[in-house]
Amino acid sequence: MNKKKIINDPVYGFVSIPSGFIFDLIQHPFLQRLRYIKQVSMTHLVYPGALHTRFQHVIGAMHLMQLAIDTLRSKEVSISEEEEAAVLIAILLHDIGHGPFSHSLEHTIIEGVSHEVISALLMDKLNRQFDGRLDLAIRIFNNQYHRKFLYQLVSGQLDIDRMDYLNRDSFFTGVSEGVISFDRIIKMLTVKEDELVVEVKGIYSVEKFLIARRLMYWQVYLHKTVIAAEQMLIKALARAKELSNGGEDLFATPALSHFLRNKITADNFEEEPAHLAWFTKLDDTDIMSALKTWCDHDDFILRTLCSKLMKRDLFRTEIRNTDFTDIELNEIKKQVKDYFGLKDNDIDYFFYHQVVQNSAYSAGSSPIKIVNSKGELTDIAEASDLSNLEALSKGVIKYAISYPKEISFSGQYGVENKKVKVN
């Protein structure tokens, strides 16, 4: 079989699959599952073009990794063929543990288990299937290999993962503020003292990268309507779990049914192999088929959440820099309870209060280092002459509330019903 395939990627053009073994990994069901998991969850409800998948992302990241390896070799950084293959595999498989709707349901389907943990488990499983050929890739992925810069290419503050998702998410959402000079950044990469660093000529491209990351978070990933849609999705699944645990026979695919009926946590997930096996059969289509069916369920809460999601009748979200007062929160809860005729312990299905935060750059955690013409290393926050770069390293915290549009909130203590609910 000819395994020298070329994939036509809308962002980068033609992407070559580097080897027959990598082709076999791409063809594996674990990786093919990513075709059916959206990269940015519910963002398509705000930006209709954002329907790209985790599969597209990992293929793009593998392509950028190949460019980075070629660049480093051109600067006389010694990288063996084995190391090259391993780091390409590591970036290809880094998101293999994502579940349906990516980050949105990460701790809803399985409590307390991150996608990174599941990725590591699936890589171990693949390694056994392929007779240990992923040994080095796994060591790099887990930061257990002595050449630190290879891990930094996979997971760091200027890693290949971020370069692709910023570029790709900007492309598919149409948000031009997220466009980065990924090709120039890669050309400016080098290795100094076994660390991945950036030549001083690339400092402005890195600055733009960090600013783009900040803008994409607040304009796309943490857009107030996206926050509302994701919370509605989370609460719909939580309600379905509650009903299933109470003995309700809900429609669900076999894979989804396994996670609705069983309480799966960090304590028992790794101990019982069946959980991981069922997880590999789960994707967005399982959730969507359930949501569509639950729109007609007898339970008012589940039916209402699913119907509103499917019709894009999303909750209104208010975001501000200061937290909401207890008076405001209690008054909104009262209005939501009265309008929908809810019990006290059901109000949280229709009213969400959360803290949203982001920092584009963390100076204390694996800082981005700039190397000058004398070979001296400096943190980019110190090397940059951009006055607000230091501000980018400070976390921004905002406070959000989401509630049905039937309720009107007009600021400080101002809440009223738009109409009287008729059952």
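Residues numbered from 1 in each chain as written. Predicted model: local features only at pLDDT ≥ 70, side-chain atom pairs only at ≥ 80, totals over all residues. Heavy atoms only, no water.

Enquirer: Requested: an account of the nonpolar core, with residues and values cited.
Expert: Counting 142 residues, the largest nonpolar core has Leu-92, Leu-153, Met-163 and Trp-294 as its most contacted members. When near neighbours in sequence (up to four residues on either side) are disregarded, Leu-92 contacts Ile-22, Leu-25, Ile-26, Leu-31, Val-58, Ile-59 and Met-62. (Core = buried A, V, L, I, M, F, W, Y, C linked by side-chain atoms within 4.5 Å. Buried < 20%, exposed > 50% of the residue type's maximum accessible area, 1.4 Å probe, protein only. Contact = heavy atoms within 4.5 Å.)

Enquirer: Tell me about the pattern of salt bridges, and name the residues and values.
Expert: Summed over the entire model, instances satisfying the criterion amount to 19 salt bridges. With its nearest N and O atoms 3.0 Å apart, the salt bridge here joins Glu-199 to Lys-75. With Glu-199 in strand E4 (residues 195–199) and Lys-75 in the loop between helix H3 (54–74) and helix H4 (81–93), the pair connects residues that are 124 residues apart, well separated along the chain. Classification of Glu-199 by relative accessible area gives buried; the value is 18%. Note that Asp-338 and Lys-334 form a salt bridge whose closest N and O atoms lie 3.1 Å from each other. On the criterion of helical spacing, the pair formed by Asp-338 and Lys-334 is a turn pair, its members being four residues apart in helix H18 (residues 326–340). Taking relative accessible area as the criterion, Lys-334 reaches 45% and is therefore assigned partly exposed. What emerges from the salt-bridge pattern is a single network uniting Arg-239, Glu-242, Asp-299 and Asp-346. (Salt bridge = Lys/Arg side-chain N within 4 Å of Asp/Glu carboxyl O. Helix = DSSP H or I, 4+ residues; strand = E, 2+ residues; numbered from the N terminus.)

Enquirer: Would you mind going over a negative patch on the surface in detail, with residue names and values included?
Expert: Among the surface-exposed residues, Asp-267, Glu-270, Glu-271 and Glu-272 lie close enough to one another that they form a single negatively charged patch. Structurally, Glu-271 can be placed in the loop between helix H14 (266–269) and helix H15 (273–279). Using a relative accessible area of 63% as the deciding quantity, one classes Glu-271 as exposed. (Patch = residues over 30% accessible without salt bridge, like charges linked within 9 Å, V, L, I, M, F, W, Y side chains within 5 Å. Areas by Shrake-Rupley, 256 points an atom, 1.4 Å probe, with all protein chains shown as cover. Lys, Arg positive; Asp, Glu negative; His and termini not counted. Charge placed at Lys NZ, Arg CZ, Asp CG, Glu CD.)

Enquirer: Could you give an account of helix H11 (residues 203–221), with specific residues and numbers?
Expert: With 19 residues, H11 extends 25 Å from end C-alpha to end C-alpha; this agrees with the ideal 27 Å at 1.5 Å per step. When you tally the buried positions in H11, you get 14 out of 19 residues, the bulk of the element. (Expected span 1.5 Å × (residues − 1).)

Enquirer: Provide a residue-level description of the sheet that holds E4, including the pertinent values.
Expert: As summarised here, the arrangement of the four strands in space is E3-E4-E7-E8, forming an open sheet in which the pairing is mixed. At either margin of the open sheet sits one strand with a lone partner, and together these are strand E3 (189–192) and strand E8 (377–379). Neighbour to neighbour, the strand axes of the sheet diverge by 50° on average, direction disregarded. Where E4 lies against strand E7 (residues 369–371), two bridges are found, and the strand directions are parallel. For Val-198, the partnering residue across the bridge sits in E7 and is Ile-370. Sheet contacts for H3: E3 and E4; angle to E3, the most-contacted strand, approximately 55°. (Pairing = 2+ DSSP bridges. Axes fitted to C-alpha atoms, helices over the stretch in contact; angles between N-to-C directions.)

Enquirer: Give a detailed account of unusual backbone geometry, specifying residues and quantitative values.
Expert: Even without glycine at this site, Asn-143 takes up a positive phi of about 55°. In this fold, Asn-143 is placed in the loop between helix H7 (135–141) and helix H8 (148–154). Judged by its relative accessible area of 39%, Asn-143 is partly exposed. Its identity as a non-glycine residue notwithstanding, Glu-193 has a phi of 55°, on the positive side. Among the structural elements, Glu-193 can be located in the loop between E3 and E4.

Enquirer: How would you summarise the packing of aromatic side chains if you had to cite specific residues and measurements?
Expert: Within the structure shown, the criterion is met by 12 aromatic pairs. Seen in terms of ring centroids, Tyr-217 and Tyr-221 are 4.8 Å apart; in terms of plane orientation they differ by 70°. Their pairing is edge-to-face. With Tyr-217 and Tyr-221 both in helix H11 and four residues apart, this pair spans about one turn of that helix. Each member of the pair, Tyr-217 as well as Tyr-221, carries the same accessibility label: buried. The rings of Phe-300, Phe-315, Tyr-339, Phe-340, Phe-350 and Tyr-352 are connected pair by pair, giving a single aromatic cluster. (Phe/Tyr/Trp six-rings, centres within 6.5 Å; stacked < 30°, edge-to-face > 60°.)

Enquirer: Help me get a handle on the packing of helix H12 (residues 224–245) against helix H17 (residues 300–310), residues and values and all.
Expert: Between two packed helices, the angle of one axis relative to the other and the distance separating the axes together describe the packing. Between H12 and H17, whose axes approach to 9 Å, the crossing angle comes to 150°. The pairing of H12 with H17 is recorded here as roughly antiparallel in orientation. Crossing of H12 against H17: the hand is left-handed. Across the interface between the two elements, Ala-229, Met-232, Leu-233, Lys-235, Ala-236, Arg-239, Ala-240 and Leu-243 from H12 touch Ile-301, Leu-302, Leu-305, Cys-306, Lys-308 and Leu-309 from H17. Looking at the contact of H12 with H17 residue by residue, the classes come out as 11 nonpolar, no polar and three charged. (Parallel < 35°, antiparallel > 145°, perpendicular 65-115°, else oblique. Left-handed = near helix turned anticlockwise from the far one by under 90°. Nonpolar A, V, L, I, M, F, W, Y, C, P; charged D, E, K, R; others polar.)

Enquirer: Report on the side chain of Ser-41, specifying residues and quantitative values.
Expert: Within the element layout of this structure, Ser-41 appears in the loop between helix H2 (29–32) and H3. Under the relative-accessibility criterion, Ser-41 is labelled buried at 2%. Here Phe-101 takes part through its backbone oxygen, which lies 3.4 Å from a polar atom of the side chain of Ser-41. Setting aside anything within four residues of it in sequence, one finds Ser-41 in contact with Phe-101, Ser-104 and Glu-230. (Polar contact = N/O pair within 3.5 Å; in protein donor to acceptor, adjacent residues only side chain to side chain.)

Enquirer: Now, about the pairing of E3: what can you tell me, with residues and values included?
Expert: Pairing analysis gives four bridges linking E3 to E4, with the strands arranged antiparallel. In the sheet register, Thr-190 faces E4, and the bridge partner there is Val-197. Connecting the antiparallel pair E3 and E4 is a turn made up of two residues, with Glu-193 showing a positive phi of about 55°.

Enquirer: Help me get a handle on the sheet that holds strand E5 (residues 316–320), residues and values and all.
Expert: In space, the three strands of this open sheet follow the order E5-E9-E6, with antiparallel pairing throughout. Taken across any chain shown, the strands that pair with only one partner, and hence form the sheet edges, are E5 and strand E6 (352–358). The mean inter-strand angle of the sheet, taken between neighbouring strand axes irrespective of direction, is 25°. Inspection of the sheet shows E6 paired to strand E9 (residues 396–403) by seven bridges, in the antiparallel sense. When the bridges of E9 are listed, His-353 appears paired with Ile-401.

Treat this as a map of the structure, not an account of what it does.
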